[in-house]
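# Observations on the model geometry
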Amino acid sequence: MRSKPIPPRPVPPRLGGRILLALALAVAGAGLSAGAQVRENQTALTEHDVRSRLAERGYTRVNDLDFSGGVWRADARSADGNRVQVALDPTDGRIYPDEQVAQLSRRDIQASLSAAGYTDIHDLDYRDGLWLAKAEDPGGRDVELRLDPDNGRIVGVDKD
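These lines cover the structure that appears in this document, whether it is placed above or below. (Residues numbered from 1 in each chain as written. Predicted model: local features only at pLDDT ≥ 70, side-chain atom pairs only at ≥ 80, totals over all residues. Heavy atoms only, no water.)

Let us now look at the overall build of the protein chain. Secondary structure assignment for the protein chain yields three helices and eight strands. In the protein chain, the succession of helices and strands from N to C terminus is α-α-β-β-β-β-α-β-β-β-β. Each of the 160 residues in the protein chain was classed as buried or not, and the buried ones make up 31%. Counting contacts in the protein chain only where the partners sit at least 6 residues apart, residues at least 24 apart contribute 40% of the total. Within the structure as shown, the protein chain displays about 10,300 Å² of accessible surface, and the carbon and sulfur contribution to it stands at 52%. (Helix = DSSP H or I, 4+ residues; strand = E, 2+ residues; numbered from the N terminus. Buried < 20%, exposed > 50% of the residue type's maximum accessible area, 1.4 Å probe, protein only. Contact = heavy atoms within 4.5 Å. Areas by Shrake-Rupley, 256 points an atom, 1.4 Å probe, with all protein chains shown as cover.)

Below is the structure:
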């Protein structure tokens, strides 16, 4: 005797939305973990690489080059002769001059971090060409983040 297949039960709309939200957060968290892992496995730029990158972009008189807060920082003269402070992404060498105008607002950065699984986001500040934020990462650790002002990508992480 063959048994009839049992038809699936419909999911109540309220529960269906919660399930979709949970799946979306799980996928976002997995993507964040994968992105963080790739970032950790990338080769960091050396001091020589950073000086070369700055020279290629027209910066001269590079002083006080230091690695702190998860990014390279230096004082330099821009191609037009002005004194500037710059930060550099330690993996791809993108330069963030302190005079740069942010394309994303404080709310944009907060929303981006929330969507990526960060909680207790506070002390958001745009300074020296990067967004700074303190938060709790998805693993529950307190971190200080530096973010790209154009796309919100995390360029530096410092564990508090």
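What follows deals with the environment of Ile95. By secondary structure assignment, the location of Ile95 is in strand β4 (residues 95-97). For the pair formed by Ile95 and Trp72, sequence separation is 23 residues and the distance between their alpha carbons is 9.3 Å. Not counting the four nearest positions on each side in its chain, Ile95 is found in contact with Arg53, Leu54, Arg57, Tyr59, Val86, Ala87, Leu88 and Gln100.

So, about the packing of aromatic side chains. Remark: the centre distance and the inter-plane angle together describe each pair of aromatic rings, the angle taken between the planes. According to the stated counting rule, one finds two aromatic pairs in the structure shown. Ring plane angle 70° and centroid distance 5.4 Å describe the contact between Phe67 and Trp72, whose orientation is recorded as edge-to-face. Given the relative accessible area of 42%, Phe67 is considered partly exposed. (Phe/Tyr/Trp six-rings, centres within 6.5 Å; stacked < 30°, edge-to-face > 60°.)

For the rest of this paragraph, the subject is unusual backbone geometry. Phi at Asp64 is positive, roughly 50°, even though this residue is not glycine. On the accessibility criterion, Asp64 (59% relative accessible area) is exposed. Positive phi outside glycine occurs at Asp128, with the angle close to 55°. For Asp128, the location among the structural elements is in the loop between β5 (119-127) and β6 (130-136). Using a relative accessible area of 27% as the deciding quantity, one classes Asp128 as partly exposed.

For the rest of this paragraph, the subject is the pattern of salt bridges. Oppositely charged side chains are able to pair whenever their charged atoms sit close together. Within this structure, the stated rule accounts for ten salt bridges. Here Glu47 ties to Arg51 by a salt bridge, and the two come within 3.5 Å at their closest N and O atoms. Pair noted here: Glu47 and Arg51 are both in helix α2 (residues 47-56), with a separation of four residues, about one helical turn. Residue Asp123 pairs with Lys134 through a salt bridge whose shortest N-O separation is 3.9 Å. Residue Asp123 is found in strand β5, and its partner Lys134 is found in strand β6; the two are separated by eleven residues along the sequence. Judged by relative accessible area, which is 48%, Asp123 ranks as partly exposed. For Lys134, a relative accessible area of 27% gives the class partly exposed. Residues joined by salt bridges that share partners form a network here, namely Asp89, Asp92 and Arg153. (Salt bridge = Lys/Arg side-chain N within 4 Å of Asp/Glu carboxyl O.)

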